[in-house]
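So the chains spell out like this:
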There are 6 protein chains.
Amino acid sequence: MRILVINPNTTSSMTDKIAATARAVAASGSEIVATQPAMGPVSIEGYYDEAFAVPGLIGEIRSADSPDAIVLACFDDTGLDAARCATDVPVIGIGEAGYHFASMVANRFGVVTTLSRSVPALEHNLMRYGLAARCAGVRASDVPVLDLEREGSDARDRIAAEIELSLTLDRAEAIVLGCAGMTDLARALEEQFQVPVIDGVASAVKLAESMVSLGIKTSRRGGYAPPGRKTYRGILQDYQPQ
Amino acid sequence: MRILVINPNTTSSMTDKIAATARAVAASGSEIVATQPAMGPVSIEGYYDEAFAVPGLIGEIRSADSPDAIVLACFDDTGLDAARCATDVPVIGIGEAGYHFASMVANRFGVVTTLSRSVPALEHNLMRYGLAARCAGVRASDVPVLDLEREGSDARDRIAAEIELSLTLDRAEAIVLGCAGMTDLARALEEQFQVPVIDGVASAVKLAESMVSLGIKTSRRGGYAPPGRKTYRGILQDYQPQ
Amino acid sequence: MRILVINPNTTSSMTDKIAATARAVAASGSEIVATQPAMGPVSIEGYYDEAFAVPGLIGEIRSADSPDAIVLACFDDTGLDAARCATDVPVIGIGEAGYHFASMVANRFGVVTTLSRSVPALEHNLMRYGLAARCAGVRASDVPVLDLEREGSDARDRIAAEIELSLTLDRAEAIVLGCAGMTDLARALEEQFQVPVIDGVASAVKLAESMVSLGIKTSRRGGYAPPGRKTYRGILQDYQPQ
Amino acid sequence: MRILVINPNTTSSMTDKIAATARAVAASGSEIVATQPAMGPVSIEGYYDEAFAVPGLIGEIRSADSPDAIVLACFDDTGLDAARCATDVPVIGIGEAGYHFASMVANRFGVVTTLSRSVPALEHNLMRYGLAARCAGVRASDVPVLDLEREGSDARDRIAAEIELSLTLDRAEAIVLGCAGMTDLARALEEQFQVPVIDGVASAVKLAESMVSLGIKTSRRGGYAPPGRKTYRGILQDYQPQ
Amino acid sequence: MRILVINPNTTSSMTDKIAATARAVAASGSEIVATQPAMGPVSIEGYYDEAFAVPGLIGEIRSADSPDAIVLACFDDTGLDAARCATDVPVIGIGEAGYHFASMVANRFGVVTTLSRSVPALEHNLMRYGLAARCAGVRASDVPVLDLEREGSDARDRIAAEIELSLTLDRAEAIVLGCAGMTDLARALEEQFQVPVIDGVASAVKLAESMVSLGIKTSRRGGYAPPGRKTYRGILQDYQPQ
Amino acid sequence: MRILVINPNTTSSMTDKIAATARAVAASGSEIVATQPAMGPVSIEGYYDEAFAVPGLIGEIRSADSPDAIVLACFDDTGLDAARCATDVPVIGIGEAGYHFASMVANRFGVVTTLSRSVPALEHNLMRYGLAARCAGVRASDVPVLDLEREGSDARDRIAAEIELSLTLDRAEAIVLGCAGMTDLARALEEQFQVPVIDGVASAVKLAESMVSLGIKTSRRGGYAPPGRKTYRGILQDYQPQ
């Protein structure tokens, strides 16, 4: 099967890191096609960036060569609903993937993300997914996304400090790492804290493989029905539903 | 004061209708500037259209001539969070405006919208705003948005039929009309059913005027903090935060 | 239009302060009629006082000279439901007014009120209005209501200290001032903390004006239906529904 | 022990009926003192009546001869919070009493009350008590309260019809009768439907006896702290806290 | 009437302590039959022990000599749902008993239990009962259950320390003691903290007496319907429904 | 990897059917070990049966030959919490597995189960998992579990009738089949209704494989900490934690 992993931002080093994680966990028969939009923000930190990442992301879906499933590799699950209208193959966000797995190994899970600006969007997702009651709290490490790409940053220490608080103050029993760019830290942090530390990228790839192998597809009834045929004007006309 | 009313779709007849409502209710000192993006879908029906309406909508905000407040005139409150990051003047969605007023004149309110495809997005908004518990139910009339613009459609009858069900089956005490294109029907339906029938366009204009006159602005702390300076690539680079 | 602003307690200096705020924000065509009951407690701090403020408050409504809207100027929204049964003009509580505006400029808002005895009543209101999930927490400053009327009290400092905690510990993005008697502090505190600091009195006046100008009235169906004709006995017989 | 049972309305035939139920279930050592205010509405149907029943009700508490516990015998739990501030003996509403017992014998319970005007107040109570999620629905029989006192009314049939719907459509597993005036119907309806049919009056008396015998008193900390010493003006000055 | 009080663990000294409390509060006409299963764990601390306490507990119910009501005297309300299917007399858990009483004397109550391992099970119960919103927090004292039976342990001090935090940090207005083994501490802690400190064992006995005297039985409709006749295999065949 | 699939009831034909589904979807490297307890009920329909299925189920876990993951193949997720304390490998219930996948392909999902007696237990699970808000309703087909094993029953028709209602009345966008014994019907029903029809058995197997391959284990911190060393008495002493 072919799984399209879309990094919704335009930073290729992050796409590479995500692809490495995805390939490391993919089953032998799974081909990981990792991509990123040609247009949009270099990182997604909050609602504004999020909005501008979606057209490029949907563009990648429309031009993709019949993937069997799609992973959206930004932790705020950018464009997830729109993507589900654009295709009938399963579409998995790495945020939801992490939350779902965490809720099956812990009574309460904590989330450690990048900037405080991103926290409300994650809290809104948790509420929509229904999993807010399972979340012990979303903590910001105040590490900008692109610092995770930078040698010598103190990102890991700051993330570890928030994990410590999540386990002790918030009574989390497991941790979900709240950014695709943290994918390479999961194992070491799990070792350090001796609780499940869950990476959304890896989680989403396995959920995608699972759904393909089970033949589970996105519902075409109700909110994810294919968009009606209509005119899109201006530079967005390429995205017009047919 | 100047209030920028953005119809997030690209159908100018709907912009005209919205502008007429907005001007009819505006205070004497308020200038209504009604606009629509040059690019994007001709109507917004569900998640997919919504995603593609946002860049054009934000473009209108960025190029606007210092409005004092902004009204987003699509009932799914398209792009509301992103818009609030793009400016510090108040930004009001017509969906939330209708819900807030309804919750102050009724214990429970019903919503009657266009297509069933749009219902989940409205339900998600209600949950996020916190007002889901006040909503007696969102009903779809199965009237496509653009039929509201068409002479001779049976739109009004179908909307009235759902209002009847909302009042009797769902025990709604007031009705919120779930589409900007229904703005001209509110008064007659209120007459017919003898309960408050609330139009979001008019409601949002008055909330915008109120907030301007009170000096209430969008918070710059937390989720609506201005986006960090970063590179936007491709055709979206015009939207890059500075 | 004429807006009846009722201070539900019997302290006239507070009525004056409330009236001053109301007139300062009222539109040029709005006449503010400020009043207070002749009977009842001198301040409202908790459930007990609240219960005894209602008859006088409803009396003011019944004897009023056809106002177009009514503002109830106590932050616990004393008697709001009963008042809505007593008239079909819009009735706005200053508590709800503050919460609604705050929820349109911030993902989460904090409330700073007077005594801890009052906190549960405010929390119950937030739950009923549906906005509890948007509230970052209600904090008591331990300033008695009438201290806000007293020269030389340290009220402002204690309120400011709680705002600081609300923004940092509770992650509030905006503040709602939790007492009509704080109406004169809003601007200075907003200046100090650089986040929206919302005063319910001013907010309610603008909502009332808005609803009058839109023709939105209280629903007569369901919970706010006019009370049935029946006998009231004893000193309360003046309030008997006809 | 002495239990003060207050019928918050001023209809003495209803007080008699309530007293009969209370005495029938009281333990041998319990003295039931049944009373009603001299002032206030003859029946309580909705928010307006409720507000005017409270002062008389609190008056009965203040003039009572040291009861060991108090039962408020109106199903909307009129004045419950204020009453708890007025005394440190336990105060039990018949609504909450019915809900609590029902939730210990059924996964979901239905409520059948009098007029639809009263439904929102009951729903608000259920939300505040936390038991809304356990309630399968509140149904109005459209039987006015005083019809329950009238020979030859079809009240019982209409109540039975709603119980039938509650069990079948709403999947209720037990029924709570939603008016003190229904107290004499419980046994026969239980017989008819073969599910628990719970009467709040009897339930509250037993809860009151239980709490007295356990020495459980109303908390004096937080929301139920005794009201501060302050002036009450006008005809309400008799209720002034000392 | 005869009330069967089952200590679901197999430690007879705890059964004795529970029986002493039950008898101390029982009405003169109530016979307390205290028992414990012959098989199962010596203490119940968390989900695992809980699961293994149920068969013995149900065995006690099946072999009991027609009790009029049953009290399950473990604070996690072990086996409550299964027990309700096994009999039509009322079955009361000491956890729910404590929560229900606390919610009638306080706006918010705190719970202080034994080990942190038990906290999620209590939180799940609170959610199911609907009372989670009334709970200010469940705190673990890190006192193992059997330490409560041991002379010279510092259990009381550690419990008192958590009560202090619950009242100040969590804003609890009353405390529920979260273990049957704490039943002898309630009075002294209430004296110390001057807030209601509620013991579930005593509470459940009075609720059981109340329900018996009111004739309230467990519903046989829906989730508590008697189990269908079917084969149970192996050592559990003694529990087979007939 | 080796996945232990436990049918918690003692009907071997159902174990065979479950094993067939599990093997059909298992990855090539996965060995499915299907088993059932020697003791316990022949089917699980409601709380009572559930309680008696747990010891046998845990027994299977304790005697298993180091599985890499465990699937509990009863739709009420029998014994899930206890099982997670008994082992540190991932333990997946088929109920939760179905719910999690459904919530990733639909805004709202419906559940169609066997007897109405089982509905409350499923609703409680949905509440605990946090996914109740995503569920459009749990419907009972009134097909007893063992009828699903019987040739010539009308089980499929009755299940299909409830699916129809779930899609139309409840606005479900996908269906979760609410019994392990329905595992062979999923494909045909999906064909018939053209919406995702999700089988929990297959779903759980893929989640288990995913978690093993990602190294995600059950948290040992908090509620799923291994049970403390203590004595278990009587016939249950074999289950004593060491």
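Residue positions are counted from 1 within each chain, in the order its sequence is given. Written order decides the labels, with chains lettered from A and ligands numbered from 1. Local features in this predicted model are restricted to residues whose pLDDT is 70 or higher, and side-chain atom pairs enter the listing and the counts only when it is 80 or higher, whereas totals over whole chains, interfaces and linings include all residues.

Some words on the overall build of chain A
Looking only at helices and strands, chain A features eight helices and 10 strands. Computation of the radius of gyration draws on C-alpha atoms alone. For the globule rule, the value is 2.2 Å times the number of residues to the power 0.38. Taken against the 2.2 N^0.38 rule, which gives 18 Å for 242 residues, the C-alpha radius of gyration of chain A at 17 Å falls within 12% of a compact globule. Put plainly, a residue is buried at 20 or more neighbouring C-beta atoms within 10 Å of its own, exposed at 12 or fewer, and partly exposed in between, counting only other residues' C-beta atoms, which are placed from the backbone. Across the 242 residues of chain A, 69% fall into the buried class. Throughout, a pair of residues is in contact if the C-beta atoms placed from their backbones lie within 7 Å. Taking contacts inside chain A between residues at least 6 apart in sequence as the whole, the part at least 24 apart equals 69%. Secondary structure elements follow DSSP: runs of H or I of four or more residues count as helices, runs of E of two or more count as strands, with numbering from the N terminus.

Digging into the sheet that holds strand β7 (residues 135-140) of chain B
Residues and elements named next belong to chain B. Here a strand pair is declared whenever DSSP counts at least two bridges between the two strands. Strand order in the open sheet made by the four strands is β7-β6-β8-β9, with parallel pairing throughout. Strand pairing shows two members of the sheet lacking a second neighbour, β7 and β9 (197-199), which therefore form its edges. Mean inter-strand twist for the sheet, computed between neighbouring axes without regard to direction, equals 25°. Where strand β6 (residues 109-113) lies against strand β8 (residues 174-178), five bridges are found, and the strand directions are parallel. From the neighbouring strand, G110 faces β8, where its bridge partner is I175. Running over the sheet, helix α8 (residues 200-214) touches β8 and β9 and is turned about 65° from β9. To get an axis, fit a line to the C-alpha atoms, keeping to the stretch in contact for a helix; angles then go from 0 to 180 degrees between the N-to-C directions.

Examining the relation of the copies chain A and chain B
Least squares is used to superpose the copies, and the fit set is the C-alpha atoms of residues whose pLDDT is at least 70 in both copies. Superposition record for chain A on chain B: RMSD 0.0 Å, screw rotation 180°, translation along axis 0.0 Å. Viewed as a symmetry operation, the transformation between the two copies matches a two-fold axis. When the interface residues of chain A are mapped onto chain B, 100% of them again fall at the interface, so both copies present the same face.

Observations regarding the domain arrangement of chain A
Residues and elements named next belong to chain A. Under the domain assignment used here, chain A contains domain 1 (2-94 + 202-239) and domain 2 (96-199). What marks off one domain from the next here is an automatic or database domain assignment. The distance between the C-alpha centroids of domain 1 and domain 2 comes to 21 Å. Every contact between the two is made by 25 residues of domain 1 and, on the other side, 24 residues of domain 2. Those elements giving two or more residues to the side of domain 1 that touches domain 2 turn out to be α1 (12-25), α2 (47-63), β5 (91-93) and α8 (200-214). With five residues, the top contributor of residues to the side of domain 1 that touches domain 2 is α1. Gly counts as polar in this scheme, as do all residues outside two lists: the nonpolar Ala, Val, Leu, Ile, Met, Phe, Trp, Tyr, Cys and Pro, and the charged Asp, Glu, Lys and Arg. Its residues assigned to classes, the side of domain 1 that touches domain 2 shows 12 nonpolar, eight polar and five charged.

A word on the interface of chain A and chain B
In this assembly, 46 residues from chain A lie in contact with 46 residues from chain B. Listed by contribution, the elements that provide at least two residues to the side of chain A that touches chain B are β3 (40-41), α2, α3 (80-86), α5 (119-129) and β10 (232-233) of chain A. Sorting elements by how many residues they give to the side of chain A that touches chain B places α2 of chain A first, with 10 residues. Its residues assigned to classes, the side of chain A that touches chain B shows 25 nonpolar, 13 polar and eight charged.

Notes on the confidence of the model for chain A
Summary statistics for chain A give a mean pLDDT of 96 and a share of 100% for residues scoring 70 or more. Here the predicted complex carries an ipTM of 0.96, next to a pTM of 0.97. One confidence number per residue, pLDDT, is output by the predictor and ranges from 0 to 100.

Topic: the pairing of strand β7 (residues 135-140) of chain C
Residues and elements named next belong to chain C. Counting buried positions along β7 gives five out of six residues, so the element sits mostly inside the fold. One ladder, built from five bridges, connects strand β6 (residues 109-113) with β7; its direction is parallel. By the bridge assignment, V111 is partnered in β7 with V138. The crossover handedness rule: strands pointing away from the viewer, path from first strand over the helix to second strand clockwise, crossover right-handed. Remark: the β6/helix α5 (residues 119-129)/β7 crossover connection has right-handed handedness.

Digging into helix α2 (residues 47-63) of chain C
Think of an α-helix as turning once every 3.6 residues; residues three or four places apart then point the same way. Residue and element names in this part refer to chain C. With 17 residues, α2 ought to run about 24 Å at 1.5 Å a step, and its terminal C-alpha atoms sit 25 Å apart, in line with that. To get the bend at a residue, fit one axis to the 7 residues ending there and another to the 7 starting there, then take the angle between the axes. At V54, α2 shows its maximal bend, which comes to roughly 30°, and the proline P55 appears one to four places after that position. Taking burial as the measure, the 17 residues of α2 include 15 buried ones, the bulk of the element. Multiplying one less than the number of residues by 1.5 Å gives the expected span of a helix.

A short note on the pairing of strand β2 (residues 31-35) of chain A
The alternating pattern of β2 of chain A places I32 and A34 of chain A on a buried face and E31, V33 and T35 of chain A on a face that is not buried. Crossover handedness for the path strand β1 (residues 2-6) of chain A to α1 of chain A to β2 of chain A: right-handed.

Overview of the arrangement of the chains
Taking C-alpha atoms as the reference, chain A and chain D come no closer than 15 Å and do not contact one another. In this assembly chain C lies apart from chain F, the nearest approach of their C-alpha atoms being 15 Å.

Describing the sheet that holds strand β5 (residues 91-93) of chain C
Residue and element names in this part refer to chain C. Here we have four strands laid out as an open sheet, ordered β2-β1-β4-β5, and parallel in their pairing. The outermost strands of the open sheet, each flanked by one partner alone, are β2 (31-35) and β5. Pairwise comparison of adjacent strand axes, ignoring direction, gives a mean angle of 20° for this sheet. Direction of pairing for strand β1 (residues 2-6) relative to strand β4 (residues 69-72): parallel, over a ladder of four bridges. Bridged to I6 within β4 is L72. Against the sheet, helix α8 (residues 200-214) touches β1, β4 and β5, its axis set at about 160° to β4.

Description of unusual backbone geometry
Phi at R171 of chain A takes a positive value of approximately 60°, unusual for a residue other than glycine. Relative to the assigned elements, R171 of chain A resides in the loop between α6 (155-168) and β8 (174-178). In this structure R171 of chain A comes out as buried when scored by C-beta crowding, with 21 C-beta atoms within 10 Å. In this structure, D142 of chain C is a non-glycine residue whose phi angle is positive, near 60°. Structurally, D142 of chain C is set in the loop between β7 and α6 (155-168).

With respect to the nonpolar core
For this analysis, nonpolar core means a set of buried Ala, Val, Leu, Ile, Met, Phe, Trp, Tyr and Cys residues linked through C-beta atoms within 7 Å. Ranked by internal contacts, the top residues of the largest apolar core, which has 557 residues, are V71 of chain A, V71 of chain B, V71 of chain C, V71 of chain D, V71 of chain E together with V71 of chain F. The contacts of V71 of chain E, once residues within four sequence positions are left out, are I3, V5, I6, I92, I94, A204, V205 and A208 of chain E.

Details of the packing of helix α4 (residues 94-102) of chain B against helix α5 (residues 119-129) of chain B
Residue and element names in this part refer to chain B. Running from N to C, α4 and α5 cross one another at 60°; their axes reach a closest spacing of 11 Å. Considering their axes alone, α4 and α5 lie oblique with respect to each other. In this structure, α4 crosses over α5, and the sense of that crossing is right-handed. Between α4 and α5, the residues in contact are G95, E96 and Y99 and L122, N125, L126 and Y129, respectively. Across the contact of α4 with α5, the residue classes break down as four nonpolar, two polar and one charged. Here roughly perpendicular refers to angles of 65 to 115 degrees, roughly parallel to angles under 35, roughly antiparallel to angles over 145, and oblique to all remaining angles. Less than a right angle of anticlockwise turn of the near helix away from the far helix marks a crossing as left-handed, whereas a clockwise turn marks it as right-handed.

Digging into the environment of G40 of chain A
Structurally, the position occupied by G40 of chain A is in strand β3. Residue classification places G40 of chain A among the buried positions, given that 31 C-beta atoms sit within 10 Å. Spatially, the C-alpha atom of G40 of chain A lies 5.2 Å from that of A53 of chain A, the residues being 13 residues apart in sequence. Dropping the residues within four chain positions of it, G40 of chain A is found in contact with N9, T10, F52, A53 and G56 of chain A together with Y232, R233, G234 and L236 of chain B.

Thoughts on the packing of helix α4 (residues 94-102) of chain F against helix α8 (residues 200-214) of chain F
Residues and elements named next belong to chain F. One can describe the packing of α4 onto α8 by two numbers: an axis separation of 7 Å at closest approach and a directional angle of 85°. Judged on the interaxial angle alone, α8 and α4 are roughly perpendicular. Contacts from I94, G95, A97, G98 and F101 of α4 reach α8 at G200, V201, S203, A204 and L207.

Quick word on the environment of L189 of chain F
Residues and elements named next belong to chain F. Secondary-structure assignment places L189 in helix α7 (residues 186-193). Residue classification places L189 among the partly exposed positions, given that 19 C-beta atoms sit within 10 Å. Separated by 12 residues in the primary sequence, L189 and L177 have C-alpha atoms spaced 9.8 Å apart. With sequence-adjacent residues up to four places away left out, L189 is seen in contact with A160, I163 and V197.

Points about the environment of P226 of chain A
Residues and elements named next belong to chain A. Its location among the elements puts P226 in the loop between α8 and β10. Linking P226 and E162, residues 64 residues apart in sequence, is a C-alpha distance of 41 Å. When near neighbours in sequence (up to four residues on either side) are disregarded, P226 contacts C85, R220 and P241.

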